[in-house]
Amino acid sequence: MTLPATLGEAVAALSAMPAAVPVAGGTDLMAAVNKGQLRPAGLVGLGRINEIRGWQYQDGHALLGAGLTHARMGRPDFAALIPALAAAARAAGPPQIRNAGTLGGNIVSAAPTGDSLPVLAALEADLVVAGPGGTREVPVTHLLAGRELLGPAELIGFVRVPLLHAPQVFLKATGRTGPGRATASVAVVLDPARRGVRCAVGAIAPMPLRPLEAERWIASLIDWDGDRGLAPEALTAFGEYVAAACIPDPPGEEQLPPAVLHLRRTVAALARRALGRALS
């Protein structure tokens, strides 16, 4: 294993060994190796790159290192900065996973159940990608949707997140699919400067889903200059709007299968509760 000390050295190592795989916490990589799904020709370890293990402030944004662990993001100082991402980090499985797993690894693995992904989608975060040609920025949703792919020897160095200084909430439901693994998750972020609500639903599709019409509708009902409170009926309607947008009725069928109907109700409940907590 090669152990570079800087992002530049990591890019150079990957350029010299095109078949090598970068590894930070290794939680997803080792699971794939153990299942026989991956046999890397070489590894480039990112654990010694200090520049991606912290965060800094930059033009109204937080520049988060891709090497930040879930355990580190779950601490109170980080929670004061980006509450929903801290909540997602605290929910990311048992302690051994939170201590090893990283923000960048969660993004690159792009597992539908990745807890940080709906939060990053709702925050409209950008990725700072380092490669042989320098750095470039790409919206996190583009990478998750496959519209932008990491090129040869490219790495996610940082995640650029706007600091909204407003309430934000992450909630998830878990089932019997594994310890702490989400069957559905919802992130809700208030954006008072734009008088907007952002919502992303995770775990029910290959990538987080944004119910944009539901966002615009509920934002139009909020008194942004007042107490921002909403009647319970409006919160319930928002939850149902989000769930129907993300899990629509199949064409030509009278009723959803029971399991899908249960999932839709779960999403509706999560969205309703998340918005209610954010507004309170």
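Heads up: the structure comes first, above all this text.
This structure is a prediction, so every number in the text was calculated from the model and none was measured.

Caption draft 1: Layout of the overall build of the chain. Of the regular secondary structure elements, the chain holds twelve helices and ten strands. Computed over its C-alpha atoms, the radius of gyration of the chain comes to 19 Å, within 12% of the 19 Å expected for a compact globule of 280 residues. A principal-axis box enclosing the C-alpha atoms of the chain has dimensions of 60 × 45 × 35 Å. The proportion of buried residues among the 280 residues of the chain is 48%. For the chain, the proportion of contacts with a sequence separation of at least 24, taken over those separated by at least 6, is 57%. Total accessible area computed for the chain in this model is approximately 13400 Å², and 53% of it derives from carbon and sulfur atoms. Charged side chains of the chain number 25 positive and 22 negative; the gap between the two group centres comes to 8 Å.

Caption draft 2: Structural detail: the sheet that holds strand S10 (residues 196–202). With antiparallel pairing, the three strands of this open sheet are ordered in space as S8-S9-S10. At either margin of the open sheet sits one strand with a lone partner, and together these are strand S8 (168–174) and S10. Across the sheet, the mean angle separating the axes of adjacent strands is 10 degrees when strand polarity is ignored. Summarising the sheet, strand S9 (residues 182–191) and S10 pair through seven bridges and their orientation is antiparallel. Bridge pairing in S10 places Ala187 opposite Ala200. Contacts from helix H12 (residues 258–279) reach S8, S9 and S10, with the element oriented near 30 degrees to S9.

Caption draft 3: Geometry of unusual backbone geometry. A positive phi angle, near 65 degrees, is found at Ala153, a position not held by glycine. Looking at where Ala153 falls in the secondary structure, it is placed in the loop between helix H9 (140–144) and strand S7 (155–162). For Arg195, which is not a glycine, the phi torsion comes out positive at approximately 55 degrees. Tracing the backbone through its elements, the reader meets Arg195 in the loop between S9 and S10. For Arg195, a relative accessible area of 44% corresponds to the partly exposed category.

Caption draft 4: Region of the structure containing helix H8 (residues 116–123). Counted residue by residue, H8 has eight buried out of eight residues, so it is predominantly covered. If you check which residues of H8 are buried, you get Ser116, Leu117, Pro118, Val119, Leu120, Ala121, Ala122 and Leu123. Directly after H8, the chain includes Glu124, whose backbone phi takes a positive value near 55 degrees.

Caption draft 5: Quick look at the nonpolar core. Core analysis: the biggest nonpolar cluster contains 38 residues, and Leu64, Ile82, Ile107, Leu120, Leu127 and Val159 have the highest contact counts within it. Examining the composition of this core, we find that six residues originate from one element, H8, more than from any other. Core analysis: the second largest hydrophobic core is formed by 32 residues, Val186, Leu190, Val197 and Ile218 among them.

Caption draft 6: Seen up close, the pairing of strand S5 (residues 126–131). Among the six residues that make up S5, five are buried, leaving the element largely enclosed by the rest of the structure. Two strands pair when backbone bridges link them, and S5 and strand S6 (residues 134–139) are joined in this way by six bridges, in the antiparallel orientation. The residue of S6 that forms the bridge with Val129 is Arg136. Linking S5 back to S6 in an antiparallel pair, the connection comprises two residues. Relative to S7, S5 runs antiparallel, the two being bridged by five bridges.

Here is what the cut-offs are and how they apply
- Numbers given to residues run from 1 along each chain, matching the order in which its sequence is written.
- Reporting of local features is limited, given that this is a predicted model, to residues whose pLDDT is at least 70; pairs of side-chain atoms are given and counted only at 80 or more, and all residues count toward the totals for whole chains, interfaces and linings.
- Think of the side-chain values as coming from all heavy atoms in the structure, minus any hydrogens and water.
- By definition, any uninterrupted DSSP run of H or I lasting at least four residues is a helix, any uninterrupted run of E lasting at least two residues is a strand, and each is numbered from the N terminus.
- We compute the radius of gyration from the C-alpha atoms alone; for a globule the expected value is 2.2 Å times N to the 0.38, where N is the number of residues.
- Exposure categories follow from relative accessible area, calculated using a 1.4 Å probe and restricted to protein chains: below 20% of the type maximum is buried, above 50% is exposed, and the middle band is partly exposed.
- Throughout, a residue-residue contact means that at least one pair of heavy atoms, one from each residue, lies within 4.5 Å.
- To be clear on the numbers: accessible area is Shrake-Rupley with a 1.4 Å probe, and residue cover counts the displayed protein chains and nothing else.
- Note on charges: Lys and Arg go in the positive column, Asp and Glu in the negative column, and His and the chain ends are not counted at all.
- One atom stands in for each charge, and that atom is NZ of Lys, CZ of Arg, CG of Asp or CD of Glu.
- Only strands that DSSP links by at least two bridges are regarded as paired with each other.
- The axes used here are C-alpha line fits, helices contributing only the stretch in contact, and every angle between their N-to-C directions lies in the interval 0 to 180 degrees.
- Side-chain atoms within 4.5 Å link the members of a nonpolar core, which is a set of buried Ala, Val, Leu, Ile, Met, Phe, Trp, Tyr and Cys residues.

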